[in-house]
Amino acid sequence: MDGAQSLCAALTGDAVDGLDNRHAELRAPSFAALSRFAQYAPQAFSTYADRVSRFLVQSVLLAGDAAGGDEWVAREALGDAGVAKVYAVKILAAWLLGLERQALTRDGVQLVLGTLRQLVRNGGAMQDGASACERQHLLLTAAACMLKLAAAGAHFEKALNTVDVLSLGLVVQSPCYEVRAVFLLGKLVPALVAQRIHVRYLPAVFLVAYEPEAAVRENVRHAVALRLAPLRPTPGSPSVVEECICRLLFVLANHPDWDDAQMLATVELFAPYIEFYIACVCLAQNVSLLFGYAGELKAYRCKGPGDSAVTRRLWVLSELAQYLLREKSLAANWPVNVYPGRLTLPADIFEPLGEAEKSAVPRTPFLDPEFVSRRAKAPAAAKRARVKPAAAKQKAAPAKRKGKEPAHDDMDEDEDDIEMSSVAETDEDD
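Residues numbered from 1 in each chain as written. Predicted model: local features only at pLDDT ≥ 70, side-chain atom pairs only at ≥ 80, totals over all residues. Heavy atoms only, no water.

1. Topic: the overall build of the protein chain
Short version of the rule: A helix here means a DSSP run of H or I that spans at least four residues, while a strand means a run of E at least two residues long, and both kinds are numbered starting from the N terminus. Think of it in three bands: with a 1.4 Å probe and only protein chains considered, a residue is buried below 20% of the maximum accessible area for its type, exposed above 50%, and partly exposed in between. Whether two residues are in contact is decided by their heavy atoms: any pair within 4.5 Å suffices. Computed with the Shrake-Rupley method and a 1.4 Å probe, the accessible areas treat only the protein chains shown as cover for residues.
Looking only at helices and strands, one finds 19 helices and 2 strands in the protein chain. Counting all 430 residues of the protein chain, 53% fall into the buried class. Taking the contacts inside the protein chain whose residues are at least 6 apart along the sequence as the reference set, 77% of them involve residues at least 24 apart. Accessible surface computed for the protein chain: about 19,600 Å², of which carbon and sulfur atoms make up 52%.

The following block contains the structure:
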């Protein structure tokens with residue numbers, strides 16, 4: 001074992017010493033090797049970790065890009081500089097994943113998480129002028145790395161905040177088909193099915209309501225009905241997808257498409273998200289439970305910045321969800337009864353109102369009466385029709401796909417990824 005460690009240390013040192021002088025065409029394979037040393041030989045890598053991380057961020061990820069180009073190409077067609085950037089992100093994440101918890105430092109964690117956050121929140125861009133193709137690959141890689149950290153242990157999960165969860169959710173609405181399909185069906189859903197990540201990431205799967213590819217929506221329906229609906233925190237408790245209605249409405253209340261100045265248009269825009277959730281989850285056996293969860297939200301406020309405005313949006317969505325659940329139950333001839341059990345809402349995003357605050361909540365409906373009037377007058381087919389939102393046109397526009405579906409890349413395969421028979425093979429693997 002000592003000999004193996006010495007060899008790893010020598011090889012890591014050679015790779016690190018040649019970083020500055022490495023020709024562009026040699027950087028990608030060198031970085032690929034470093035990512036493995038970082039994760040599987042962390043003691044050998046730790047000696048150079050600070051030097052490597054600074055170099056990767058300042059000299060690789062912040063390096064200039066060639067403008068223009070396609071929105072998506074296979075990773076091997078990115079060019080040497082683009083592939084090196086993808087591996088630079090992987091090295092940073094692999095370094096944290098390989099370290100023992102006690103060996104983690106605050107500065108190291110913040111450097112890596114800060115880089116991943118910037119890439120995810122800025123659509124894969126570290127600076128202005130980045131090429132579209134590199135941005136999509138960096139966005140997908142950074143989002144996948146954040147999910148890996150979330151699955152790696154409670155210490156990383158605690159380091160990821162609510163804004164991180166919301167940002168990851170928006171990746172499934174990327175304007176690039178390959179990014180949203182690979183992240184959703186190749187990364188997020190398998191991790192949820194295997195219970196490797198917290199249920200707070202589950203609402204993202206329902207943000208595909210405006211997904212133009214029917215196959216993606218059907219894959220989500222299949223995964224929810226057959227793989228996720230049976231999962232329960234404890235025997236006899238509501239399933240994770242039933243409890244998810246509260247988290248989904250919280251995510252929608254924080255969605256960037258929400259426009260308080262155009263409430264009627266906003267409610268019409270957001271109704272299909274809830275309808276998609278109802279279509280995936282709601283049954284005669286649980287409609288009363290879901291109705292109770294939606295109603296219970298009006299006794300809570302949202303935690304976090306801007307909580308007052310977001311809380312009011314949450315109450316609008318609470319009434320919208322109840323309206324749509326009632327509409328579904330009437331169409332299916334299901335009774336909606338008062339749920340007899342005690343309902344508990346997630347404490348990480350909600351806190352109960354005090355008695356004085358509850359009495360101060362306006363008694364008037366939060367849901368725009370004009371929406372109810374229009375909905376009541378509309379025929380059934382029109383109710384199911386989805387209005388294409390301005391943001392969704394950008395986020396979910398069908399991408400121009402080159403040739404075949406993205407091919408699986410065995411250059412850096414994840415052995416722990418769960419295969420789903422209906423998920424397209426991809427060329428991004430972690």
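2. Let's talk about helix H15 (residues 307-332)
This is how it is decided: Any helix carries an expected span of 1.5 Å times its number of residues minus one.
When the terminal C-alpha atoms of H15 are compared, their 36 Å separation across 26 residues agrees well with the 38 Å that a helix rising 1.5 Å per residue should span. Positive phi shows up at Asn 333, right after H15, with a value of about 60 degrees.

3. Some points on the packing of helix H7 (residues 132-152) against helix H10 (residues 177-193)
Note the threshold: Lines fitted to C-alpha atoms define the axes here, with helix axes fitted over just the stretch in contact, and angles between the N-to-C directions of these axes take values from 0 to 180 degrees. Angles are sorted into four bins: roughly parallel if under 35 degrees, roughly antiparallel if over 145, roughly perpendicular if 65 to 115, and oblique for all others. Two helices crossing with the near one rotated counterclockwise from the far one by less than a right angle form a left-handed crossing, whereas a clockwise rotation gives a right-handed crossing. Residue type decides the class: Asp, Glu, Lys and Arg count as charged, Ala, Val, Leu, Ile, Met, Phe, Trp, Tyr, Cys and Pro as nonpolar, and the leftover types, Gly among them, as polar.
Running from amino to carboxyl end, H7 crosses H10 at an angle of 20 degrees, the nearest separation of the two axes being 10 Å. Taken together, the axes of H7 and H10 lie roughly parallel to each other. Seen along the crossing, H7 lies across H10 with a hand that is right-handed. Counting all contacts with H7, which are made through Gln 136, Leu 139, Leu 140, Ala 143, Ala 144 and Leu 147, the residues of H10 involved are Val 179, Val 182, Phe 183, Lys 187 and Leu 188. Residue composition of the contact of H7 with H10, by class: 9 nonpolar, 1 polar and 1 charged.

4. Concerning unusual backbone geometry
Of note, Gln 195 is a non-glycine position whose phi angle comes to about 60 degrees, a positive value. Looking at where Gln 195 falls in the secondary structure, it is placed in the loop between H10 and helix H11 (214-228). Owing to a relative accessible area of 56%, Gln 195 belongs among the exposed residues under this scheme.

5. A few points about H11
What counts, and what does not: By definition, the arc is the one covered by directions from the helix axis to the C-beta atoms.
In a regular helix each residue adds 1.5 Å, so 15 residues correspond to 21 Å; H11 covers 20 Å between its end C-alpha atoms and thus fits that length. All of the buried residues along H11 are Val 216, Arg 217, Asn 219, Val 220, Ala 223, Val 224 and Leu 228. Looking down the long axis of H11, one finds its buried residues gathered within 155 degrees of arc, a one-sided arrangement. Exposed and facing more than 90 degrees away from the buried side of H11 are Ala 215 and Leu 226.

6. Some thoughts on the nonpolar core
Spelled out, the test is: The criterion is simple. A nonpolar core is a set of buried Ala, Val, Leu, Ile, Met, Phe, Trp, Tyr and Cys residues joined through side-chain atoms within 4.5 Å.
Counting residues in each nonpolar core, the largest one holds 141 residues, and the members touching the most others are Leu 184, Leu 188, Tyr 201, Val 205, Phe 206 and Phe 350. Setting aside residues no more than four positions away along its own chain, Leu 184 makes contact with Val 172, Val 189, Pro 190, Val 205, Val 208, Val 216 and Val 220.

7. Here we look at the pattern of salt bridges
Quick note on the threshold: By convention in these notes, a salt bridge is any Lys or Arg side-chain nitrogen within 4 Å of a carboxyl oxygen on Asp or Glu.
Scanning the model with the defined rule gives 17 salt bridges in all. In this structure, the salt-bridge partner of Glu 357 is Arg 301, at a minimum N-O distance of 1.9 Å. A residue pair is termed long-range when its members are at least 10 positions apart, and Glu 357 in helix H16 (residues 355-360) and Arg 301 in strand E1 (residues 300-302) qualify at 56 residues. Judged by relative accessible area, Glu 357 falls into the partly exposed class, the value being 34%. Given the relative accessible area of 18%, Arg 301 is considered buried. Ionic pairing is found between Glu 327 and Arg 375, a salt bridge with its closest N-O pair at 2.9 Å. Within this pair, whereas Glu 327 is found in helix H15, its partner Arg 375 is found in helix H17 (residues 369-377), the two being separated by 48 residues in sequence. Taken individually, Glu 327 and Arg 375 each receive the classification buried, so the pair is uniform in this respect. It is possible to trace a salt-bridge network through shared partners that takes in Arg 117, Arg 121 and Asp 164.

8. Some thoughts on the packing of helix H14 (residues 287-296) against H15
Axis separation between H14 and H15 bottoms out at 8 Å; the angle between their running directions is 160 degrees. As the angle between them shows, H14 and H15 are arranged roughly antiparallel. Crossing geometry of H14 relative to H15 is assigned as left-handed. Where H14 abuts H15, its residues Val 287, Leu 290, Phe 291, Ala 294 and Gly 295 lie against Ser 318, Ala 321, Gln 322, Leu 325, Arg 326 and Ser 329.

9. With respect to the environment of Tyr 177
For Tyr 177, the location among the structural elements is in helix H10. In this structure the C-alpha to C-alpha distance between Tyr 177 and Glu 211, which are 34 residues apart in sequence, comes to 9.3 Å.

10. Details of the environment of Asp 307
Position of Asp 307 relative to the elements: it lies in helix H15. Expressed as a C-alpha distance, the spacing of Asp 307 and Asn 254, which sit 53 residues apart in the sequence, is 9.7 Å. Setting aside residues up to four positions removed in sequence, Asp 307 forms contacts with Arg 301 and Cys 302.

11. Quick word on the packing of aromatic side chains
The cut-off we apply is this: When the centres of two rings from Phe, Tyr and Trp lie within 6.5 Å, Trp using its six-membered ring, the rings pair. Their planes under 30 degrees apart give stacked, over 60 give edge-to-face, and anything left gives tilted.
Scanning all chains against the criterion turns up 8 aromatic pairs. In textbook terms, an aromatic cluster arises when at least three aromatic residues are bridged by ring pairs, as seen for Tyr 210, Trp 258, Phe 270 and Tyr 273.

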